[in-house]
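# Reading the structure
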Amino acid sequence: MNKKRYALFASTVVAVSLMSGCQSLTGYQQIEKAESPDALVGKVYPVAGEVNIVCAGTYHCEITQIGQTLLIAPNSHKPVNASVVAKLNQEELATKQLSSQTPMTPLLNQKSVKIVPLIGSNMKGLTNYYARVKPAKREVHISFYPENNLDYVERFAMIHDFMQPGTYQLRAYRQKSLQETGSLLDTASPEPLCVDLLQGNKVVRRFCKQSDTKHQGEFVETKIATKAVTK
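To start, this report covers the structure provided alongside it. As the structure is a computational prediction, the values presented were derived from the model and not from experiment.

In this section: the overall build of the chain. Scanning the chain for helices and strands turns up two helices and 14 strands. For the chain, buried positions account for 43% of its 231 residues. Put simply, the chain shows about 13,400 Å² of open surface, and 51% of that area lies on carbon and sulfur atoms.

On to the nonpolar core. Across soluble globular proteins, nonpolar side chains have a tendency to be buried as a group. Membership of the largest hydrophobic core comes to 29 residues, with the highest contact counts inside it found for I53, I63, I66 and L170. Broken down by secondary-structure element, the contributors of at least two residues to this core are β4 (51-56), β5 (60-66), β8 (127-133), β9 (136-145), β10 (154-162), β11 (166-174) and β12 (193-199). Filtering out sequence-adjacent residues up to four positions away, I53 remains in contact with I63, I66, Y130, A131, V133, V140, F162, Y168 and L170. In this structure, Y45, V116, I119 and Y130 belong to the second largest nonpolar core, which totals nine residues.

Attention now moves to the state of the cysteines. Throughout the structure, instances matching the rule amount to two disulfides. Disulfide partner of C55: C61, at an S-S distance of 2.3 Å. Between C55 and C61 the sulfur-sulfur dihedral comes to about 95°; the bridge is accordingly right-handed. Accessibility assignment for this pair places C55 and C61 in one class, buried. Note on cysteine connectivity: C194 is disulfide-linked to C208, with sulfurs 2.0 Å apart. Disulfide C194-C208: torsion about the S-S bond near 110°, hence right-handed. One end of the pair, C194, is in strand β12; the other, C208, is in strand β13 (residues 202-209), with 14 residues separating them in the sequence. Look at the chain and number its bonded cysteines as they come in the sequence; the links are 1-2, 3-4.

Adjacent strands of a sheet form backbone hydrogen bonds with each other and so pair up, either parallel or antiparallel. Ordered by their spatial adjacency, four strands build an open sheet running β6-β5-β9-β10, and the pairing between neighbours is antiparallel. Sheet topology places β6 (69-70) and β10 at the edges, where each strand pairs with a single neighbour. The pairing of β5 with β9 spans six bridges and is classified as antiparallel. By the bridge assignment for β9, E62 is matched with S143.

Phi at T58 takes a positive value of approximately 70°, unusual for a residue other than glycine. Mapped onto the elements of the fold, T58 is located in the loop between β4 and β5. Its relative accessible area of 4% is what places T58 among the buried residues.

Criteria and thresholds
- Residues numbered from 1 in each chain as written.
- Predicted model: local features only at pLDDT ≥ 70, side-chain atom pairs only at ≥ 80, totals over all residues.
- Heavy atoms only, no water.
- Helix = DSSP H or I, 4+ residues; strand = E, 2+ residues; numbered from the N terminus.
- Buried < 20%, exposed > 50% of the residue type's maximum accessible area, 1.4 Å probe, protein only.
- Areas by Shrake-Rupley, 256 points an atom, 1.4 Å probe, with all protein chains shown as cover.
- Core = buried A, V, L, I, M, F, W, Y, C linked by side-chain atoms within 4.5 Å.
- Contact = heavy atoms within 4.5 Å.
- Disulfide = S-S within 2.5 Å.
- Pairing = 2+ DSSP bridges.

The quantities given are spatial measurements derived from coordinates; they are silent on function.
Have a look at this one:
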């Protein structure tokens, strides 16, 4: 019998499309450019043998912590220190000839965790970063901001075995109800909040907020429905 796993989370989503190679994030980044850092990457540049973790959805999201490593300070919303930010080779970026190379130095060891500036945020002055780690089981903490208000934050935490190198995305959204009719209270309530973990373009795990009394306010890992193949 499958065991239920729990997580904490709340958010809405703007979908992100991940493509192979240098992965351009279109749609979600069509927003006001952040004031800092001065140069944003705008792409996920895979490094051989590494895992990239991206968050998406809401006005803003931050990968605040991986394992015991703090990444984004909760008060300033900036990197806790310069050492956690991956250095970019601006000369290689300028050449735009990165099909066989990357503008980033590979991580030193299994304990190394780095973040890379990715895109601007819907919140002026903030930046969305993606994280780089070596393949391993990791505990990931993310803060999501459903509104243009830094005082309203929803936090999500999960443990996952990131054993296969590549890009993973934690994407937030509201689950659409299958029922078109309901009571006034049901229709007035927001749709359940969910978060999908995507490996490449495939959803591998899903967490949705529960409204029952036993798990009220918690996010429970749910089964991912598959469409039946008809002849």
